[in-house]
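# Examining the three-dimensional arrangement
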Amino acid sequence: MEWDVSGLAGQTGLSVDTVRYYQSQGLLHPPEKRGRRAVYYDTHRERLERIRTLAARGFSLKAISALLEAGDASESDRRLLAAIERETGEARFDAEELAERAQVPRAVLAAVERAGLAEGEVGAGDGSSFTESDVRVAAGAARLLRYGFPIGRLITLAVKHDRAVRKTVDGAIELFDQSVRKPIKTSGDEDSEAGSDAVADAFRDLLPVVTALVAHHFQRVLVNRALRRLKRSGTKRELEAALEATSRNRVGVRF
């Protein structure tokens, strides 16, 4: 089968602008040119369906590009990408569904999106997608607002935290690359079954460990600094209540 860009868009349920956007980002190979006419084939349709599936699951364009190019990657890289895909394979919701499920005003979510804190942007009018984890986080944010936390200052803190986290995450990824992936590549075992599995297994093993360590550290620092301030300015009863609450709600580090 062959189509022009409008026909291809109709086949995949995407807008013409979205098809052209994916093409401009290098995710979709160029059409065949017949004079002034651009012709698309089944290979374009299949590619767009794959992109749409990954986008619906919340992958960024950069991640989608990596997954689409996995066919040209080493076996270890393909298995690592498959492991990442499985770990992030949660149900997805759009912003309206998130607002309804988490009981958060849509205006609050819009402010969060404007601040660049909504992960999973796929661009070209497709909007953001969110997971069950995002629903729980949004519901928690709503509880903060009910206690009187100002949304503007919360977003400012969240932006600062997001920038620091992204920098730390990039360093952690580089450390994983240097410590796990490169030794396997240089050993010549990357395409063996054992070598390929080793990279993916390491990712699956380390992801919950790193997540727990980061959460534990953040909570510990938060609790200790809050208690220090409370000792200086709070009452004995407030301090005792805070100590009891923190002992009940400490993040457990389980490997």
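Provided above is the structure to which this section pertains.
Described in the following lines is the structure provided in the data block. (Residues numbered from 1 in each chain as written. Predicted model: local features only at pLDDT ≥ 70, side-chain atom pairs only at ≥ 80, totals over all residues. Heavy atoms only, no water.)

## Focus on the overall build of the protein
Note the cut-off: By definition, any uninterrupted DSSP run of H or I lasting at least four residues is a helix, any uninterrupted run of E lasting at least two residues is a strand, and each is numbered from the N terminus. Buried means the residue's accessible area, taken with a 1.4 Å probe over protein chains only, is under 20% of the maximum for its type, while exposed means over 50%, and partly exposed covers the values in between. Note on definitions: a residue-residue contact is assigned when non-hydrogen atoms from the two residues lie within 4.5 Å. Residue-level accessible areas treat just the shown protein chains as cover; the underlying method is Shrake-Rupley with a 1.4 Å probe.
Within the protein one finds 11 helices and 3 strands. Counting from the amino terminus, the protein carries its helices and strands in the arrangement β-α-α-β-β-α-α-α-α-α-α-α-α-α. The buried share among the 255 residues of the protein stands at 31%. The contacts of the protein with a sequence gap of at least 6 include a subset with a gap of at least 24, amounting to 64%. Carbon and sulfur atoms make up 54% of the accessible area of the protein, which totals about 16,400 Å².

## Some thoughts on the side chain of H44
Checked against the element boundaries, H44 lands in helix α3 (residues 42–56). Residue contacts for H44: discarding those within four places in its chain leaves L8, L28, H29, P30, P31 and V39.

## Looking at the environment of S15
How we decide: Throughout this description, a polar contact denotes any pair of N or O atoms lying within 3.5 Å of each other; where both atoms belong to protein, one of them has to be capable of donating a hydrogen while the other can accept it, and for residues adjacent in sequence the pair is counted only when both atoms sit in side chains.
Tracing the chain through its elements places S15 in the loop between α1 (5–12) and α2 (16–24). Along the primary structure S15 and V5 are separated by 10 residues, whereas in three dimensions their C-alpha atoms are 9.4 Å apart. Within polar-contact distance, the side chain of S15 engages the side chain of T18 at 2.8 Å.

## A look at the nonpolar core
Test applied: For our purposes a nonpolar core is just a set of buried Ala, Val, Leu, Ile, Met, Phe, Trp, Tyr and Cys residues, chained together by side-chain atoms within 4.5 Å.
Ranked by internal contacts, the top residues of the largest apolar core, which has 19 residues, are V19, Y22, L27, L48, I51 and I64. Going through the elements one at a time, α1, α2, β3 (37–41), α3 and α4 (61–68) are the ones with two or more residues in this core. In this view, V19 contacts V5, L8, A9, L14, L28 and L48; residues no more than four positions away in its chain are not counted. Counting 11 residues, the second largest nonpolar core, distinct from the first, contains A95, V108, V135 and A142.

## Notes on the sheet that holds strand β2 (residues 32–34)
Put simply, the rule is: Two strands are counted as paired when DSSP detects at least two bridges linking them.
Across the sheet, which stays open at both edges, the 3 strands sit in the order β1-β3-β2 with antiparallel pairing between neighbours. At either end of the open sheet lies a strand with only one pairing partner, and these are β1 (2–3) and β2. Here β1 pairs with β3 via 2 bridges, running antiparallel. Paired with W3 across the bridge in β3 is Y40.

## Things to note about the pattern of salt bridges
Basically, it comes down to this: Salt bridge, as used here: a side-chain nitrogen of Lys or Arg that lies within 4 Å of a carboxyl oxygen of Asp or Glu.
Tallied over the full model, the rule gives 6 salt bridges. The salt bridge partner of E2 is R34, with a shortest N-O separation of 3.0 Å. Here E2, found in strand β1, pairs with R34, found in strand β2; they are 32 residues apart in sequence, far enough to count as distant. Across the pair R34 and E32 runs a salt bridge, and its minimum N-O distance is 3.2 Å.

## Some words on a positive patch on the surface
Let me state the cut-off plainly: To count toward a patch, a residue needs a relative accessible area above 30% and no salt bridge. Like charges then connect within 9 Å, nonpolar side chains (Val, Leu, Ile, Met, Phe, Trp, Tyr) within 5 Å. Residues scored as positive are Lys and Arg, those scored as negative are Asp and Glu, and His as well as the terminal groups of each chain are ignored. A charged residue contributes its charge at one atom only: NZ of Lys, CZ of Arg, CG of Asp or CD of Glu.
A contiguous patch of positive charge, built from R225, R228, R229, K231 and R232, is present on the exposed surface. Looking at the element boundaries, R232 is found in helix α10 (residues 193–233).

## Focus on the layout of surface pockets
For clarity, the threshold we go by: Grid points spaced at 1 Å over the protein atoms alone were grouped into cavities, where a 1.4 Å probe fits but cannot get out, and pockets, open sets with protein on both sides within 12 Å along at least five of seven lines, with lining residues defined by an atom within 4 Å of a point. Grid points are joined across faces, edges and corners, and a volume is the space filled by probe spheres set on the points. Amino acids are sorted into nonpolar (Ala, Val, Leu, Ile, Met, Phe, Trp, Tyr, Cys and Pro), charged (Asp, Glu, Lys and Arg) and polar (every other residue, Gly among them).
What the second largest pocket holds in volume is close to 460 Å³. Along the wall of the second largest pocket there are 15 residues; nearest its centre are V221, L222, V223, R225 and A226. Of all elements in the fold, only α10 and α11 (236–248) reach the threshold of two or more residues within the lining of the second largest pocket. Residues of the lining of the second largest pocket, tallied by class, amount to 8 nonpolar, 3 polar and 4 charged.

## Notes on the packing of α1 against α2
The cut-off we apply is this: The convention used is that axes are lines fitted to C-alpha atoms, helices contributing only their stretch in contact, and that angles between N-to-C directions extend from 0 to 180 degrees. An angle counts as roughly parallel when it lies under 35 degrees, as roughly antiparallel when it exceeds 145, as roughly perpendicular when it falls between 65 and 115, and as oblique in every other case.
Two elements in contact, α1 and α2, have axes separated by 8 Å at closest approach and are oriented at 100 degrees. Classified by the angle their axes make, α1 and α2 are roughly perpendicular. Across from V5, S6, L8 and A9 in α1, the residues of α2 making contact are V16, V19 and R20. Looking at the contact of α1 with α2 residue by residue, the class counts come to 5 nonpolar, 1 polar and 1 charged.

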